[in-house]
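The residues making up each chain are set out below.
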Amino acid sequence: MLPDCVTMTCLAIACAPSVAESFDVQDLGAGVYAVIRREPPGLMFDANCVFIVNDEDVVVVDTNITPSSATATLAALRKLTPKPVKYVVNTHWHPDHISDNQVYRDAFPGVEFIAQTTTLEDLPSIGESNYRELLTHGPGFVADLKGALERGTSLAGGPMTDEERASCASDIEQLERLFAEAPATKILLPTITIEDRLTLHRGSRTIDIRYLGRAHTRADLVVHLPKEGIVITGDIVVWPVPLIGSTSYPLDYAATLEKLLALRATTIVPGHGRVLRDETYVKQLVRLLRSIQEQTEAAVARGETLEQVRASVDLSESRQAIAGDNALHRLIFASYVTGPGVEAAYRQATAKR
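Computed from a prediction, not measured in an experiment: that's the story for all the values here.

Quick notes on the rules
Residues numbered from 1 in each chain as written. Predicted model: local features only at pLDDT ≥ 70, side-chain atom pairs only at ≥ 80, totals over all residues. Heavy atoms only, no water. Helix = DSSP H or I, 4+ residues; strand = E, 2+ residues; numbered from the N terminus. Expected span 1.5 Å × (residues − 1). Buried < 20%, exposed > 50% of the residue type's maximum accessible area, 1.4 Å probe, protein only. Contact = heavy atoms within 4.5 Å. Right-handed = clockwise from strand over helix to strand, strands pointing away. Pairing = 2+ DSSP bridges. Axes fitted to C-alpha atoms, helices over the stretch in contact; angles between N-to-C directions.

1. Digging into helix H6 (residues 162-181)
Over its 20 residues, H6 extends 29 Å from the first C-alpha to the last, a length consistent with the 28 Å expected when each residue adds 1.5 Å. Among the residues of H6, those classed as buried are Glu164, Ser167, Cys168, Ser170, Asp171, Ile172, Gln174, Leu175, Arg177, Leu178 and Glu181. Tucked into the core, H6 has its buried residues touching helix H2 (67-80), helix H5 (119-151) and helix H11 (327-338).

Printed below as a string of structure tokens:
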């Protein structure tokens, strides 16, 4: 359904008539601003970003997928403050969160880029390969999307709903923007890497950057502002449907989310989707990931093959809880959870044996 090169990277693409109108800047208080994308849920997304405006400088969490998208985000920051960006934290190495570090390097030559240590290995290998594969095979996927849109047929089969139609059109527009801007995109490696934890003290503010374990990738960082009760999760948390791809670690994921919950944040900024004000959705994700873990490990212990595991792992209860009867949400769930998510769990479970 979705090309492997897309599911492997959980690639996120901006989508809107004007890049400058593709997000809302939400004031979370105490000089913290969440840049929340307006795109409808779909198979492509651009990343939420966060500005942490300190006494003398700014820390930015995550960049974007195209230079035009990051340039619009930076323009929004400049409207808020003239202070320089001192650090950019990349929550993981997928291109929607890291591709446009260059925009910040151009604007602030002394900026430092912070990421988890394994990013140095995975970004120039898996990341580069997946990105190039998308540029090669992505136009074919766009052609499929255009065909589905013209026929009015859902990628899941049956008539396309109005929500699916808007999502499909958005994916087409922004994939084409990605292809057009790819030659101008230069992906930069981090300049500061951390194994487990780095605490920044910026004037009166404490910024606690934590590695809680493998989840969406093996390089996921969260940014915790303990005084403000805010946690910025990257793609460990994505709303309204989680993105679990072939670079994910489903057998570890639930434990990592439980560590996230232990931070007791009152405001959760996900990698994609709206700001969350309680733990309800994250707890749903824990139940989903525990179900994937337990069912897959039991199936592998019985000696089942991947195809047998695909048939035996039953996620219908979690799918209903998360996606409900929404056709688009069910399509995303199938594309990222029951497909590559279960396969990634199987790969982990067989490697352990």
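Structure's up, so let's keep going.
2. Notes on the environment of Arg310
Within the secondary structure, Arg310 is located in helix H9 (residues 306-312). Residues Arg310 and Gly339, spaced 29 residues apart in sequence, show a C-alpha to C-alpha distance of 8.0 Å. Apart from residues lying up to four places away in sequence, Arg310 is in contact with Thr338, Gly339 and Glu343.

3. Remarks on the pairing of strand S12 (residues 267-272)
Walk down a regular strand and you will see the side chains alternate between the two sheet faces. Extensive coverage of S12 is indicated by the burial of 6 of its 6 residues. In the classification by handedness, the crossover that spans strand S11 (residues 230-238), the intervening helix H7 (residues 250-261) and the parallel S12 is right-handed.

4. Here we look at the sheet that holds strand S3 (residues 49-53)
Strand order in the open sheet formed by 7 strands is S1-S2-S3-S4-S5-S6-S7, with mixed pairing between adjacent strands. The open sheet has two edge strands with one neighbour each: strand S1 (23-29) and strand S7 (192-194). Direction aside, neighbouring strands of the sheet carry axes that sit 20 degrees apart on average. The sheet contact formed by strand S5 (residues 85-89) and strand S6 (residues 112-116) spans 3 bridges and is parallel. Paired with Val88 across the bridge in S6 is Phe113.

5. Considerations on the pairing of S1
Where S1 lies against strand S2 (residues 32-37), 6 bridges are found, and the strand directions are antiparallel. Considered in S2, the bridge of Asp27 is made with Tyr33. In this antiparallel pair of consecutive strands, S1 and S2, the connection spans 2 residues, and Ala30 shows a positive phi of 60 degrees.

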